[in-house]
Amino acid sequence: MEETWPRLEDVLFPSITDVAVLSLDMSNEAICIEARSTAAGAACPDCGSASSRVHSSYLRFPVDVPSGGRRVVLRLRVRRFFCPEASCERRTFAEQMPGLTRRHSRWTERLRSTLAAVGLALAGRAGARMARVFGVSISRSAVLRLLDALPEPEVPSPRVVGVDEYATRKGRVYGTVLVDIESRRPVDLLPDREASSLAKWLAKRPGIEFVCRDRAPFFAEGATAGAPQATQVADRWHLWHNLSEAAERAVARHRQCLRVLVPEPVEEEADEPTPSEQYPASPWKSDKFANRVRTRHATVHAMLEAGHSRRAIGRQLHMTHRTVKSLADAAKPEDLFTGQYQFNRASALDEYKPYLDDRWDEGCTNAWKLWEEIIPLGYKGSYGIVSAYIRKKRTSPQPITAQPPAPRLVTRWILSHPESLTEIEKLRLKAVLANCPELDALTGHVRSFARMLTERQGDRLPQWLDAVRQDDLPSLHTLAAGIDRDRDAVIASLTLPWNSGVVEGHVNRIKMLKRQMFGRAGFQLLRKRVLLS
């Protein structure tokens, strides 16, 4: 059977018709291809009239995609045609090869699409660096212009749309991203997060049946005004997050109940004092330095009693006259501890140290907060004195005693699935709940809500809200009031399978794209990159 080889034109230009390769030269640095169009004629770009009357021809050298690490040099023989229409202002025009060239472009179409894809992935500065890697020299501004010239994507109207905000300048400027929940692709970006902008966008798409959103009021108002026919679905993750915050506030409110679980420390008998403790307490930070002062003081006084003069003592001990004088004049070593290291020096904080010690034992270790608390009590000193005292308490060795569980730790036990807790955590949580009826009721409400959330039992929400209001849990009362204002959307979120998880993923991707752009481009380019990449 005779073997057939593909045509050279089909290998070099697989998606282009009416082209003939005249020659092909290959070297270690470049691949030179000479080609021309085989079409009978071309259409005028102004009037559209077809012409086959050739005026002249010239060579064109568009830059193509490198191949195998070598540059591709195209030598295209391009013809100029006369326009047959006498009324047309253009007398002659140059032919174009569809899929290969365009007017006023020094790149081939496949190189242009390659650079645009690199720009979509990496933006201008990084895209220009990547283009230089495979042999194309281009500036970051040219990459951004290629992205700006890309056509708008044609996105069908979604049936289930997710709405969330993203930050262009965190805390100052926010926008809105809209995602097709079923196809998991973004459909549009809005430059703000106003309810009117969202309502206007939704009103143009009457086929929307579900709107997934968080519990922000402006999104609720915009969805109600722009798509009254759609069912609003609150995000389940935000519901659970709001419940966890309310539970942590409730546990912190009953932190005194946690301290009852800690046994009283057993006082141990005092040991015999060590030789170093027989001396009076030294204000010096180093006991080694204090002992050295005592030794030098004893040596100087012994030599004085032996009849040596002060000058002789200074020569033998290599001391200055001032040092020998201070040691000789001091009756005892403790008299040398003067100045800023004076022993038992009075402090403006002494009166308030018992209060600071009590607050430290209660778990408050923030020096700034403690300073603010003792100012109304009459403290006139500076914050630095309080900070130094608290720092000393942190670094000083403390007796090892049982500590009450932190409110955040107890909150984690309450929010976790009972089967995921260890045996020790189960026993400690059981002791906490047995000692505090309010936290026991809180645990029951949290686990009841978790069952509604995981088993999609939204019809039980009204009974859950009534049960919450019957207990003395103010933080849950505030949560219940907020859920009541958005009851329909919350019930839908606890019943329907839709959620805003995919929207949160696209918000995270927008953060990455925004940082890649280095603030050089604006909203339009960000929108192109989000919708096309």
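Just above sits the structure.
Residues numbered from 1 in each chain as written. Predicted model: local features only at pLDDT ≥ 70, side-chain atom pairs only at ≥ 80, totals over all residues. Heavy atoms only, no water.

For the rest of this paragraph, the subject is the packing of aromatic side chains. Pairs of aromatic rings are described using the distance from one ring centre to the other and the angle between the two planes. Here the structure, examined in full by the defined rule, presents 8 aromatic pairs. Geometrically, the ring pair formed by Phe 218 and Phe 219 is edge-to-face, given 4.8 Å between the ring centres and 75° between the ring planes. Assessed through its relative accessible area of 23%, Phe 218 is described here as partly exposed. Taken together through their ring pairs, the aromatic side chains of Trp 368, Trp 371 and Tyr 383 make up a single cluster. Between Arg 53 and the ring centre of Phe 82, over which it is positioned, the NZ or CZ distance is 4.2 Å. Of note, Arg 193 hangs over the ring of Tyr 174, and the distance from its end group to the ring centre comes to 4.1 Å. (Phe/Tyr/Trp six-rings, centres within 6.5 Å; stacked < 30°, edge-to-face > 60°. Buried < 20%, exposed > 50% of the residue type's maximum accessible area, 1.4 Å probe, protein only. Lys NZ or Arg CZ within 6 Å of the ring centre and 35° of its normal.)

Our next topic: empty space enclosed by the protein. Summed over the entire model, instances satisfying the criterion amount to 2 cavities of 30 Å³ or more. In this model, the second largest cavity occupies a volume close to 30 Å³. As for the second largest cavity, its lining consists of Arg 60, Leu 76, Arg 77, Val 78, Glu 95, Gln 96, Met 97 and Thr 101. Per-element tally for the lining of the second largest cavity: the top contributor is strand β6 (residues 71–82), with 3 residues. Here the lining of the second largest cavity is built from residues that sort into 3 nonpolar, 2 polar and 3 charged. (1 Å grid on protein atoms, 1.4 Å probe; cavity = no way out; pocket = protein on both sides within 12 Å on 5 of 7 lines; lining within 4 Å. Points joined across faces, edges and corners; volume = space filled by probe spheres on them. Helix = DSSP H or I, 4+ residues; strand = E, 2+ residues; numbered from the N terminus. Nonpolar A, V, L, I, M, F, W, Y, C, P; charged D, E, K, R; others polar.)

To continue, consider the pattern of salt bridges. All told, the structure shown has 23 salt bridges when counted by the stated rule. Among the ionic pairs, Arg 469 bridges to Asp 466, the shortest N-O distance being 3.9 Å. Note that Arg 469 and Asp 466 are positioned in helix α17 (residues 461–469) at a spacing of 3 residues, about one turn of the helix. Overall, Arg 469 belongs to the partly exposed group, its relative accessible area being 37%. Members of the salt-bridge network, linked through shared partners, are Asp 466, Arg 469, Asp 484 and Arg 487. (Salt bridge = Lys/Arg side-chain N within 4 Å of Asp/Glu carboxyl O.)

The subject of this paragraph is the nonpolar core. In terms of nonpolar packing, the biggest core is built from 34 residues, with Leu 439, Leu 442, Leu 461, Trp 464 and Leu 476 touching the most fellow members. Mapped onto this core, the elements with two or more residues apiece are α6 (236–253), α14 (407–415), α15 (423–435), α16 (437–455), α17, α18 (474–485) and α19 (487–493). Setting aside chain neighbours within four positions, we find Leu 461 in contact with Phe 449, Met 452, Ile 483, Arg 487, Val 490, Ile 491 and Leu 494. Residues Val 177, Val 179, Ala 492 and Leu 513 belong to the second largest nonpolar core, which totals 24 residues. (Core = buried A, V, L, I, M, F, W, Y, C linked by side-chain atoms within 4.5 Å. Contact = heavy atoms within 4.5 Å.)

Here the focus is helix α21 (residues 523–532). Counting buried positions along α21 gives 7 out of 10 residues, so the element sits mostly inside the fold. Those residues of α21 that sit buried are Leu 525, Leu 526, Arg 527, Lys 528, Arg 529, Val 530 and Leu 531. Elements in contact with the buried residues of α21: α2 (109–133), α3 (140–148), β8 (160–169), β10 (185–190) and α20 (501–516).

With 5 of 6 residues buried, β10 is to be regarded as a mostly interior element. Of the pairings in the sheet, the one linking strand β9 (residues 173–180) to β10 comprises 5 bridges and is antiparallel in character. Bridge pairing in β10 places Asp 180 opposite Arg 185. From the end of β9 to the start of β10, which pair antiparallel, there are 4 residues, and Arg 184 there has a positive phi angle of about 65°. (Pairing = 2+ DSSP bridges.)

With that settled, consider helix α9 (residues 310–317). For α9, the full list of buried residues reads Ala 312, Ile 313 and Gly 314. Just downstream of α9 lies His 318, where phi reads positive at about 55°.

All right, on to a positive patch on the surface then. On the surface, Arg 125, Arg 129, Arg 132 and Arg 140 cluster together into a positively charged patch. Counting residues per element, the positive patch draws most heavily on α2, which supplies 3 residues. Inspection of the secondary structure assignment puts Arg 140 in helix α3. By relative accessible area, which is 34% here, Arg 140 ends up partly exposed. (Patch = residues over 30% accessible without salt bridge, like charges linked within 9 Å, V, L, I, M, F, W, Y side chains within 5 Å. Areas by Shrake-Rupley, 256 points an atom, 1.4 Å probe, with all protein chains shown as cover. Lys, Arg positive; Asp, Glu negative; His and termini not counted. Charge placed at Lys NZ, Arg CZ, Asp CG, Glu CD.)

Even without a glycine there, the phi angle at His 318 is positive, about 55°. Turning to its location among the elements, His 318 is positioned in the loop between α9 and α10 (321–329). Look at Arg 456: it is not a glycine, yet its phi comes out positive at around 55°. Judged by its relative accessible area of 35%, Arg 456 falls in the partly exposed class.

Strand order in the open sheet formed by 5 strands is β10-β9-β8-β11-β12, and the pairing between neighbours is mixed. The outermost strands of the open sheet, each flanked by one partner alone, are β10 and β12 (231–234). Each neighbouring strand pair of the sheet contributes to a mean axis angle of 30°, computed without reference to strand direction. Sitting on the sheet, helix α4 (residues 195–203) is in contact with β8, β9 and β10, with an inclination near 130° to β10. (Axes fitted to C-alpha atoms, helices over the stretch in contact; angles between N-to-C directions.)

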